[in-house]
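# Topology and contacts: notes
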Amino acid sequence: MSTAMQNYIDEAEQALLHTYNRYQVVFEKGDGVYLYDLDGKKYLDFVSGIAVFALGYNNKEYNDALKAQIDKIIHTSNYYYNLPAIEAAKKLKEISGMDRVFFTNSGAEAIEGAIKTARKYAYLKDGRTDHEIIAMNHSFHGRTMGALSVTGNPHYREAFEPMIGNIRFADLNDFDSVMAQVTDKTCAILFETVQGEGGIYPATEAFMQKVRKLCDERDILMILDEIQCGMGRTGEMFAWQRYGIRPDVMTSAKALGCGVPVGAFMMTEKVGAHSLAAGDHGTTYGGNPLACAAVCKVIELFEKHQVLDNVRETGAYLSGKLDELVQEFPCIETRRGAGMLQGLVFDRPVGDIIVKAMDKGLVLINAGTNIIRFVPSLVITKENVDEMTAVLRACISEVCV
Ligand SMILES: *Cc1c(COP(=O)(O)O)cnc(C)c1O
């Protein structure tokens, strides 16, 4: 590493709050599926800002749309209408089959909104203020207090107790464990369609159907967190769309704006009409013209460039290549995932492998201690997959002997 880059890193550690153990690199620019650090070193990126830059870096059509919007107006207020927000909401309704959209600035805020929606919906029915939400062990929903309260990882929560009350935890894909937590106060069941941070666990078809049926029977809201697994990553626009069900409320963020901070929570007409009303919820930035111009362009480019087709085809190719690694290396236990949300599960911590990969110009990320997570841009090619697996194979060989 150059002294210049080392100096910047030292400065960062003097100024930024140390809430991340960062990799020792300063990225300066990106192009397509490649990143470049300050020293000009090129990296193949299979992280894409953690499932954010779905269309790749420095996408000209996307950049031009943002520049054009900057020259018109960046922000007004939610007390007024703006064209990008209207257009973005219409497009989101189309691709999700949801009926009502609220734009936020982040994934965690989308979860906060979904929680408030569920509580208000139940409150309007019976006037009680002690409703419960069932969330899943090993889930991840964000770092704000509400989102943390439904995050099924005690390690993230402990120092910040007390959480918001009346959250119960069950196990994803274990319907009996959900039933065991249901009471007459349950207002929502919340989970990721594919658990991301928790280890790339997709919900099973049976679990999905049973939860849907239970929610219908008891008028409980089914809330699906699609912040990581949504926006095309599994080969459907939203991961739940392959189960033939529809949630009552869902959240989106990460790839929704492809880099501009934006999230959304969405709901059916029925929930929209019987939950949050004027004065119940708000945000200064959420849904501002710049963020919504990004959302509009992202959805437009997904269609124009048939991104879903590439996820299905190249995602299957990626799965196949990862399966070959599972066969080859005894230290890899299994592969899990769907489309371009994949995890390789090792019998040991993967930190060393990731650092070695960085040295060799490949950017990877973990999910938990023992899992390498693959969340590349959705426009990667088979050649990119081959390039990635060649470097990864070399790194694993050095570690798993
Ligand atoms: C990243 C993530 C969040 C939190 O989103 P932020 O934008 O970081 O607040 C919530 N849920 C899931 C599934 C995520 O992957």
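Predicted model, so just to flag it, every value in this text is computed and none were measured.

Reading guide: rules and limits
- Residues numbered from 1 in each chain as written.
- Predicted model: local features only at pLDDT ≥ 70, side-chain atom pairs only at ≥ 80, totals over all residues.
- Heavy atoms only, no water.
- Pairing = 2+ DSSP bridges.
- Helix = DSSP H or I, 4+ residues; strand = E, 2+ residues; numbered from the N terminus.
- Contact = heavy atoms within 4.5 Å.
- Axes fitted to C-alpha atoms, helices over the stretch in contact; angles between N-to-C directions.
- Phe/Tyr/Trp six-rings, centres within 6.5 Å; stacked < 30°, edge-to-face > 60°.
- Buried < 20%, exposed > 50% of the residue type's maximum accessible area, 1.4 Å probe, protein only.
- Lys NZ or Arg CZ within 6 Å of the ring centre and 35° of its normal.
- Near = heavy atom within 4 Å.
- Polar contact = N/O pair within 3.5 Å; in protein donor to acceptor, adjacent residues only side chain to side chain.
- Areas by Shrake-Rupley, 256 points an atom, 1.4 Å probe, with all protein chains shown as cover.
- Nonpolar A, V, L, I, M, F, W, Y, C, P; charged D, E, K, R; others polar.
- Disulfide = S-S within 2.5 Å.

Ordered in space as S13-S14-S17-S16, the 4 strands form an open sheet in which the pairing is antiparallel. Of all the strands in the sheet, just strand S13 (332–338) and strand S16 (365–366) have a single pairing partner and so form its edges. Sitting on the sheet, helix H14 (residues 382–399) touches S13, strand S14 (341–346) and strand S17 (371–374), and the angle it makes with S17 is about 170 degrees.

Now for the packing of aromatic side chains. Taken as a whole, this structure holds 5 aromatic pairs when the rule is applied. Measuring from centroid to centroid gives 4.7 Å for phenylalanine 53 and tyrosine 57, while their planes differ by 35 degrees, and the two rings are tilted. Considering the side-chain rings of phenylalanine 140 and tyrosine 156, the 5.8 Å spacing of their centres and the 80 degrees angle between planes classify their relative orientation as edge-to-face. Of this pair, phenylalanine 140 sits in the loop between strand S5 (132–136) and helix H6 (145–149) while tyrosine 156 sits in helix H7 (residues 154–157), placing them 16 residues apart in sequence. Accessibility expressed as a relative area gives 16% for phenylalanine 140, which makes it buried. Looking at lysine 42, its charged tip hangs above the ring of tyrosine 34, at a distance of 4.2 Å from the centre. In this structure, arginine 336 packs its charged tip against the face of tyrosine 201, placed 3.7 Å from the ring centre.

Once that is clear, we can look at the site of the ligand. Every residue near the ligand is listed here: Ser106, Gly107, Ala108, Phe140, His141, Gly142, Glu192, Asp225, Ile227, Gln228 and Lys254. Between the ligand and alanine 108 there is a distance of 2.7 Å, counted from an oxygen atom to a backbone nitrogen or oxygen. Between glutamine 228 and the ligand, the recorded distance is 2.8 Å, taken from a side-chain N or O atom to an oxygen atom. Burial of the ligand by the protein amounts to 82% of the accessible area it has alone, namely 390 Å². Along the lines of polarity and charge, the residues of the shell around the ligand split into 3 nonpolar, 5 polar and 3 charged.

Let us look at the pairing of strand S2 (residues 34–37). A regular strand places its side chains so that they alternate between the two faces of the sheet. Relative to S2, strand S1 (residues 27–31) runs antiparallel, the two being bridged by 4 bridges. In the sheet register, aspartate 31 faces S2, and the bridge partner there is tyrosine 34. Hairpin connection from S2 to strand S3 (residues 42–45): 4 residues lie between these consecutive antiparallel strands, with glycine 40 at a positive phi of about 85 degrees.

Next up on the list: the environment of leucine 362. With respect to the helices and strands, leucine 362 occurs in strand S15 (residues 362–363). In this structure the C-alpha to C-alpha distance between leucine 362 and alanine 206, which are 156 residues apart in sequence, comes to 37 Å. With sequence-adjacent residues up to four places away left out, leucine 362 is seen in contact with Tyr43, Leu44, Phe46, Ala357, Met388, Val391 and Leu392.

Taken across its 5 residues, S5 has 5 buried, putting it largely inside the fold. Going residue by residue along S5, you find Glu132, Ile134 and Met136 tucked away on one face and Ile133 and Ala135 tucked away on the opposite face as well. Sheet topology note: the S5/strand S7 (residues 186–192) ladder contains 3 bridges and is parallel. Residue pairing across strands places isoleucine 133 opposite alanine 188, the latter belonging to S7. Bridge count for S5 against strand S6 (residues 167–170) is 4 bridges, and the pairing is parallel. Residue pairing across strands places isoleucine 134 opposite arginine 168, the latter belonging to S6.

It is worth spelling out the state of the cysteines at this point. Taken as a whole and judged by the stated rule, the model has 1 disulfide. In this model, cysteine 331 is linked to cysteine 400 through a disulfide, with the two sulfur atoms separated by 2.1 Å. Looking along the S-S bond of the cysteine 331-cysteine 400 disulfide, the torsion reads about 85 degrees, which is the right-handed sense. Of the two residues, cysteine 331 is situated in the loop between helix H12 (307–328) and S13 and cysteine 400 in the segment after H14; the sequence distance between them amounts to 69 residues.

Here the focus is unusual backbone geometry. Of note, the bond from glutamate 161 into proline 162 is cis; its omega dihedral lies within 30 degrees of zero at 0 degrees. Considering the arrangement of structural elements, one finds proline 162 in the loop between H7 and S6. Residue alanine 51 is not a glycine yet carries a positive backbone phi of 60 degrees. Take alanine 51: it is sitting in helix H2 (residues 48–51). Phi angles above zero are rare outside glycine, and glutamine 306 is one such case at about 45 degrees. On the accessibility criterion, glutamine 306 (52% relative accessible area) is exposed.

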